[in-house]
Amino acid sequence: MNKVRAAITGVQGWVPDYALTNAELETMVETTDEWITSRTGIKERRILKGKDQGTSVIGINAVNGLLKKTGTAPEEIDLIICATTTPDMAFPATANIIADAIGAKNAWGYDLQAACSGFLYGLTTGAQFIETGKHNKVIVIGADKMSSIINYEDRTTCIIFGDGGGAVLLEPTLDDNGIMDTILHSDGAGAQFLHMKAGGSRRPATMETIAAKEHYVHQEGSAVFKFAVTNMAEVSARIMENNNLAAEDISWLVPHQANKRIIDATANRMGIGSEKVMLNIHKYGNTTSGTIPLCLWDYESQLKKGDNLILASFGGGFTWGSVYLKWAYDPK
Ligand code: UT7
């Protein structure tokens, strides 16, 4: 009998309306459209404005769209995993807030924090609940409101990040498709290069931590860049080797959208051309947990049943990994 696998049976993204352009950033910090475009590939990023608007807003909109397009009732959902680095609150979990808002009364849920690799961690763990037979409908969300932890006076970070995310529905399949293999890694030694100093239990918020601007992303960009280029390319090449996949077998690379130069290096190492690389960094910037589901959503109409996809990420932690999946449905 065929093995039960978890297949993505629908994807939906959501981004806020407000676009923060490179031109607007030029008025805020000492930078240029030319610098941002040539160093990162980003032209604009979306910002979630308004009082008391958290990451759950992104998740709720994405999941409501997903339920509608897949014809799924909220009561059918068994589990909601929300990968995010910017939860609405320290607790309760944003997954619970989303479940309540969408009426997923029979679901349990939890948040998962793995920075830019959060969606791949969520996909991997969500798939296990399907493969064991424990659950039939699992929703994995990757969403972040990065603008809530960005210092808009720091030109090295404010040009990169944006708000947005997406959600996928995982269901069991006996066909030869779905999630075929995953490789995940983490290395806490990388924390020194990419972190937020205060706001956790080690340094709770005080007047001093706020004055010292410790509630913002701290990134040593060029150090992170070197680790990202090496590790995202290596893990993507390794998952191909492990599954006997040649470059011509790959239909799409779905890379975390942190920097176009990191994406290009990964594609080069895999030996695949730019026409097979999903790219939307120019529109949304780096939405952390949101980038990969946003790519799948943008390119969904071009995906065919049986397409071989390699998903790849690198981010804070450090965390990195790769997922090999066979797309499970034709354009609807
Ligand atoms: O998704 C999570 C993981 N994160 C990543 O993967 C991000 C990895 N890192 C990067 O993408 C890149 O390192 C950055 C885009 C953050 C920076 O690009 P870079 O080519 O590594 O630049 P750099 O940090 O080496 O800085 C080069 C120069 C510096 O000036 P000096 O010291 O050479 O005079 C910076 O001060 O560029 C300057 N610079 C800027 N200039 C104009 C830094 N940010 C800006 C800016 N506009 N926004």
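If you're wondering where the values come from, they're calculated on a predicted model, not measured in any experiment.

1. Here's the deal with the sheet that holds strand S1 (residues 5-14)
With mixed pairing, the five strands of this open sheet are ordered in space as S1-S7-S6-S4-S5. A single partner strand is all that each edge strand has here, and the edge strands are S1 and strand S5 (108-112). If you compare each strand with its neighbour and ignore which way they point, the axes differ by 20° on average. Strand direction decides the pairing type here: S1 and strand S7 (residues 163-173), joined by nine bridges, are antiparallel. Note that in S7 the partner of Gly 13 across the bridge is Gly 166. Docked against the sheet, helix H11 (residues 291-299) engages S1, strand S6 (138-145) and S7, running at close to 85° with respect to S1.

2. A closer look at the site of the ligand
Taken together, 22 residues form the shell around the ligand, and within it Thr 31, Arg 39, His 256, Asn 259 and Asn 286 come nearest. Take Gly 221: an N or O atom from its main chain is 3.0 Å from an oxygen atom of the ligand. Protein contact buries 73% of the 960 Å² of open area that the ligand shows by itself. At four residues, helix H8 (residues 221-242) tops the list of elements feeding residues into the shell around the ligand. When the residues that make up the shell around the ligand are grouped by side-chain class, the tally is nine nonpolar, nine polar and four charged. Of the domains in this structure, domain 1 (5-176) and domain 2 (180-326) are the two that each give at least three residues to the shell around the ligand.

3. Thoughts on the domain arrangement of the chain
One can read the domain layout of the chain as domain 1 (5-176) and domain 2 (180-326). Here the C-alpha centroids of domain 1 and domain 2 sit 14 Å apart. The interface is formed by 49 residues belonging to domain 1 together with 46 residues belonging to domain 2. Note on domain 1 versus domain 2: buried area summed over both sides is about 3,700 Å², and carbon and sulfur give 62% of it. Counting every contact that joins domain 1 to domain 2 gives three salt bridges. One can count 17 residue pairs in polar contact (both at pLDDT 80 or more) joining domain 1 with domain 2.

4. Digging into H11
An α-helical segment advances 3.6 residues per turn. Residues three or four places apart therefore align on the same side. Among the nine residues that make up H11, seven are buried, leaving the element largely enclosed by the rest of the structure. Buried residues of H11: Thr 291, Ile 292, Pro 293, Leu 294, Cys 295, Leu 296 and Tyr 299, and no others.

5. Topic: the pairing of strand S4 (residues 79-83)
Judged by how many residues are buried, S4 sits mostly within the fold: five of five residues are covered. In this region the chain leaves S4, passes through helix H4 (residues 94-102) and returns to the parallel neighbour S5; the handedness of that crossover is right-handed.

6. Re the sheet that holds strand S8 (residues 178-186)
Across the sheet, four strands lie side by side as S8-S13-S12-S11; this open sheet has mixed pairing. Each of the sheet's edge strands pairs with one partner strand only, and the pair in question is S8 and strand S11 (252-255). Within the sheet, the average angular offset between the axes of one strand and its neighbour, ignoring direction, is 15°. Across eight bridges, strand S12 (residues 308-315) lies against strand S13 (residues 319-326) in antiparallel orientation. For Phe 314, the partnering residue across the bridge sits in S13 and is Trp 320. Its contacts with the sheet place helix H5 (residues 118-131) against S8, S12 and S13, and it is angled at close to 130° to S8.

7. Focus on the nonpolar core
Within the largest apolar cluster, 42 residues are counted, with the highest numbers of intra-cluster contacts made by Val 217, Leu 253, Ile 272, Ile 310 and Phe 314. If one sorts the elements of this core by residue count, H8 sits on top with seven residues. The two domains that each donate at least three residues to this core are domain 1 (5-176) and domain 2 (180-326). Ignoring any residue separated from it by four or fewer positions in sequence, one finds Ile 272 in contact with Ala 247, Ile 250, Leu 253, Ala 267 and Val 277. Core analysis: the next-biggest nonpolar cluster, separate from the first, contains 32 residues, Ile 179, Val 254, Leu 296 and Tyr 329 among them.

8. Side note on the side chain of Ser 289
Looking at where Ser 289 falls in the secondary structure, it is placed in the loop between helix H10 (281-284) and H11. Within the local environment of Ser 289, its side chain forms a polar contact with the backbone oxygen of Ala 115, the two atoms lying 3.4 Å apart. Not counting chain neighbours up to four residues away, the residues in contact with Ser 289 comprise Ala 83, Thr 84, Thr 85, Ala 115, Gly 118, Phe 119, Gly 142, Ala 143 and Asp 144.

9. With respect to H4
If you check which residues of H4 are buried, you get Thr 94, Ala 95, Ile 98, Ala 99 and Ile 102. All buried residues of H4 project into a common sector of 140° when viewed along the axis, lining one side. Close packing links the buried residues of H4 with helix H3 (55-70), S4, S5 and S6. Downstream of H4 by a residue or two, Gly 103 has a phi angle that is positive, lying close to 80°.

Calculation rules
- Residues numbered from 1 in each chain as written.
- Predicted model: local features only at pLDDT ≥ 70, side-chain atom pairs only at ≥ 80, totals over all residues.
- Heavy atoms only, no water.
- Pairing = 2+ DSSP bridges.
- Helix = DSSP H or I, 4+ residues; strand = E, 2+ residues; numbered from the N terminus.
- Axes fitted to C-alpha atoms, helices over the stretch in contact; angles between N-to-C directions.
- Contact = heavy atoms within 4.5 Å.
- Near = heavy atom within 4 Å.
- Polar contact = N/O pair within 3.5 Å; in protein donor to acceptor, adjacent residues only side chain to side chain.
- Areas by Shrake-Rupley, 256 points an atom, 1.4 Å probe, with all protein chains shown as cover.
- Nonpolar A, V, L, I, M, F, W, Y, C, P; charged D, E, K, R; others polar.
- Domains from an automatic or database assignment.
- Buried area = accessible area lost by both parts, 1.4 Å probe.
- Salt bridge = Lys/Arg side-chain N within 4 Å of Asp/Glu carboxyl O.
- Buried < 20%, exposed > 50% of the residue type's maximum accessible area, 1.4 Å probe, protein only.
- Right-handed = clockwise from strand over helix to strand, strands pointing away.
- Core = buried A, V, L, I, M, F, W, Y, C linked by side-chain atoms within 4.5 Å.
- Arc of directions from axis to C-beta.

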